[in-house]
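# Fold and geometry: a report
Listed below, chain by chain, are the residues.
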Amino acid sequence: MFDFEGISMTRCFTDNWEKVQNFQARPDDILIATYPKAGTTWVSYILDLLYFGNDDLERQTSQPIYMRIPFLELCFQEFSTGTEMADNLPTSPRLIKTHLPVQLVPKSFWEQNSRIVYLARNAKDNAVSYFHFDRMNMVQPEPGDWNSFIQKFMKGKNVFGPWYDHVSGWWEKKQTYPNLLYLFYEDLVEDTGREVERLSSFLGLSTSVEEREKIIKGVQFDAMKQNNMTNHVTLPFMDFKISPFMRKGKVGDWKCHFTVAQNEQFDEVYKQKMKKTTVRFRTEI
Ligand code: A3P
């Protein structure tokens with residue numbers, strides 16, 4: 001891990017930087033932006049079904065979600081880079097995923113006025129999920145024990161930088177960029193149907209009640225956990241014996257991890273780091 005434009009990064013996300021920065025977005029692109037472990041795969045799959053759920057069975061049964069929706073800044077071993085994959089996508093619109101903080105997003109997305117869906121998750125559950133992800137993903141830095149991990153999280157030294165700046169930076173952007181929909185993981189858990197409706201109206205789609213019901217069923221945690229196209233079992237660098245990718249899918253799992261002292265320290269740091277932003281999260285529902 002090293003410092004890249006003020007953000008902790010690994011080479012997987014910076015080796016293709018020139019092409020990332022010069023990436024040519026299109027007006028109908030949909031950018032899915034998240035801090036890692038906020039529920040990216042979930043919202044990605046919802047969007048995929050909203051656009052392509054009805055018309056392409058082959059896509060749904062044989063293409064893992066990470067092939068359908070390129071990860072823009074990814075550049076890893078023998079895999080095609082995210083920019084190559086995006087450039088070669090046959091679909092319209094193109095759905096593209098990024099974990100970049102708002103200030104590092106290629107400028108063509110703003111110039112083209114592309115639609116952006118940002119999904120945010122409360123810091124405590126996000127940290128827990130990130131900890132388990134770093135344990136099982138051999139490409140990510142070793143997380144150490146839980147206490148060292150949250151100390152690092154509070155300092156913003158995770159890959160893709162501080163959670164605090166990420167969620168608040170994108171929140172501020174929403175005030176000046178109307179084509180950005182800011183969603184919360186907790187709202188998706190609370191009422192998936194309501195959030196799918198919000199998404200489809202933001203995207204200008206007219207999905208029938210039946211289609212929406214089918215989507216809601218397909219994107220339930222258990223359905224996605226069973227679905228080899230969404231549960232990431234096909235990725236060789238993830239060790240599912242350590243932790244599954246589709247781990248718990250809950251709001252409030254942080255309570256099983258934080259000690260009372262860790263929680264107090266976390267709340268104190270949170271107050272400081274988030275004092276300038278108006279974005280508010282729920283840590284339980
Ligand atoms: P947990 O580790 O808390 O279970 P990302 O896709 O950004 O990597 O986020 C992964 C997190 O989203 C994991 O959280 C995963 O279980 C959760 N997730 C994925 N699909 C979900 C769904 N359908 N319902 C609820 N949570 C889901």
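Each chain has its residues counted from 1, running along the sequence as written. pLDDT decides what is reported in this predicted model: residues at 70 or higher carry local features, side-chain atom pairs at 80 or more are listed and counted, and totals for whole chains, interfaces and linings draw on all residues regardless. Each side-chain value is derived from all of the structure's non-hydrogen atoms; neither hydrogens nor water enter the calculation.

Before going further, it helps to spend a moment on the overall build of the protein. Along the protein, the regular secondary structure elements total 14 helices and 6 strands. Our radius of gyration looks at C-alpha atoms and nothing else; its globule reference is 2.2 Å times the residue count to the power 0.38. Taken against the 2.2 N^0.38 rule, which gives 19 Å for 285 residues, the C-alpha radius of gyration of the protein at 18 Å falls within 12% of a compact globule. Across the 285 residues of the protein, 57% fall into the buried class. In this tally Asp and Glu are treated as negative and Lys and Arg as positive; neither His nor the chain ends contributes. Working definition for charges: the position is that of NZ of Lys, CZ of Arg, CG of Asp or CD of Glu. Across the protein, the 35 positively charged side chains and the 37 negatively charged ones have centroids separated by 4 Å. Secondary structure counts use DSSP, requiring at least four H or I residues in a row for a helix and at least two E residues in a row for a strand, with both numbered from the N terminus. Throughout, exposure labels follow a simple rule: accessible area from a 1.4 Å probe, protein chains only, divided by the maximum for the residue type, with under 20% read as buried, over 50% as exposed, and the rest as partly exposed.

The next subject is the sheet that holds strand 4 (residues 95–98). With parallel pairing, the 4 strands of this open sheet are ordered in space as 4-3-5-6. Edge positions in the open sheet fall to strand 4 and strand 6 (180–184), since each of these has one partner strand only. Looking at each pair of strands side by side, their axes are set apart by 20° on average, direction ignored. One ladder, built from 4 bridges, connects strand 3 (residues 30–34) with strand 4; its direction is parallel. Each bridged residue has a counterpart across the sheet, and for Ile-30 the counterpart in strand 4 is Leu-95. By definition, two strands form a pair when at least two bridges between them are found by DSSP. Helix axes are fitted to C-alpha atoms over the stretch in contact, other axes to C-alpha atoms as well, and angles between N-to-C directions run from 0 to 180 degrees.

Right, let's talk about the site of the ligand for a bit. Taken together, 18 residues lie near the ligand, and Lys-37, Thr-40, Thr-41, Ser-129 and Lys-248 sit nearest. Lys-248 is positioned with one of its backbone polar atoms (N or O) 2.6 Å from an oxygen atom of the ligand. Gly-249 has a polar backbone atom sitting 2.8 Å from an oxygen atom of the ligand. Calculation on the ligand without its partners gives an accessible area of 560 Å², and the protein chains cover 97% of this total. Looking at the shell around the ligand, the element that brings in the most residues is helix 2 (residues 40–52), giving 3 residues. Residue classes in the shell around the ligand are distributed as 8 nonpolar, 6 polar and 4 charged. Think of it this way: one heavy atom of a residue within 4 Å of a molecule or strand is enough to make that residue near it. Contacts described as polar in this section are N or O atom pairs within 3.5 Å, which, within protein, must combine one atom able to donate a hydrogen with one able to accept it, while residues neighboring in sequence count only if both atoms come from side chains. The Shrake-Rupley method, run with a 1.4 Å probe, gives the accessible areas here. Residue values count only the displayed protein chains as cover. Classification convention: Asp, Glu, Lys, Arg as charged; Ala, Val, Leu, Ile, Met, Phe, Trp, Tyr, Cys, Pro as nonpolar; all other residues, Gly among them, as polar.

So, about the UniProt feature "domain: Sulfotransferase" (unreviewed entry) in the protein. When the UniProt feature table is mapped onto this chain, "domain: Sulfotransferase" (unreviewed entry) is found at residues 27–277. Taken end to end, residues 27–277 is 47% helix and 8% strand, and its first and last C-alpha atoms sit 29 Å apart. UniProt positions are given in the numbering used here, feature names are shortened, and annotations may be inferred rather than shown by experiment.

Secondary-structure assignment places Thr-98 in strand 4. Here the side chain of Thr-98 touches Leu-100 through a polar contact of 3.0 Å, landing on its backbone nitrogen. Every residue pair with non-hydrogen atoms within 4.5 Å of one another is taken to be in contact. Ignoring any residue separated from it by four or fewer positions in sequence, one finds Thr-98 in contact with Leu-31, Ile-32, Ala-33, Thr-34, Phe-71 and Glu-73.

Here the nonpolar core consists of buried residues drawn from Ala, Val, Leu, Ile, Met, Phe, Trp, Tyr and Cys, with membership extended through side-chain atoms lying within 4.5 Å. Grouped together as the largest cluster of nonpolar side chains are 87 residues, with contacts concentrated most on Tyr-182 and Leu-199. Ranked by the residues each element gives to this core, the list is headed by helix 2, at 9 residues. Setting aside its immediate chain neighbours within four residues, Leu-199 contacts Val-43, Ile-46, Leu-47, Leu-50, Val-117, Leu-181 and Leu-183.

In what follows, salt bridge is the name for a side-chain nitrogen of Lys or Arg lying within 4 Å of a carboxyl oxygen of Asp or Glu. Under the definition given, this model contains 15 salt bridges. For Asp-48, the salt bridge goes to Arg-59, with nearest N and O atoms at 2.6 Å. A residue pair is termed long-range when its members are at least 10 positions apart, and Asp-48 in helix 2 and Arg-59 in helix 3 (residues 57–62) qualify at 11 residues. Overall, the relative accessible area of 0% leaves Asp-48 in the buried class. Among the ionic pairs, Glu-190 bridges to Arg-282, the shortest N-O distance being 2.9 Å. Taken together, the residues span a long stretch of sequence, with Glu-190 in helix 10 (residues 185–190) and Arg-282 in the segment after helix 14 (260–273) at a distance of 92 residues. Under the relative-accessibility criterion, Glu-190 is labelled partly exposed at 41%.

A few words on the packing of aromatic side chains. Between the rings of Phe, Tyr and Trp (Trp by its six-membered ring), a pair exists once the centres lie within 6.5 Å; its type follows the angle of the planes, with under 30 degrees stacked, over 60 edge-to-face, and the other angles tilted. Scanning the model with the defined rule gives 34 aromatic pairs in all. For the pair Tyr-35 and Tyr-130, a centre-to-centre distance of 5.8 Å together with 80° between the ring planes defines the contact as edge-to-face. Here the residue Tyr-35 occupies a position in the loop between strand 3 and helix 2, and Tyr-130 occupies one in helix 7 (residues 123–136), the gap between them amounting to 95 residues. Each of the two residues, Tyr-35 as well as Tyr-130, counts as buried.

Detection works on a 1 Å grid of protein atoms alone, calling trapped sets that fit a 1.4 Å probe cavities and calling open sets with protein on both sides within 12 Å along at least five of seven lines pockets, with lining residues defined by an atom within 4 Å of a point. Grid points are joined across faces, edges and corners, and a volume is the space filled by probe spheres set on the points. A volume near 300 Å³ is recorded for the second largest pocket. Considering the residues around the second largest pocket, the lining is formed by 16 residues, among which Leu-49, Gly-53, Asn-54, Lys-214 and Ile-215 are closest to the centre. Secondary structure elements with two or more residues in the lining of the second largest pocket: helix 2, helix 3 and helix 12 (209–218). Considering every element that reaches the lining of the second largest pocket, the biggest residue donor is helix 2, with 5 residues.

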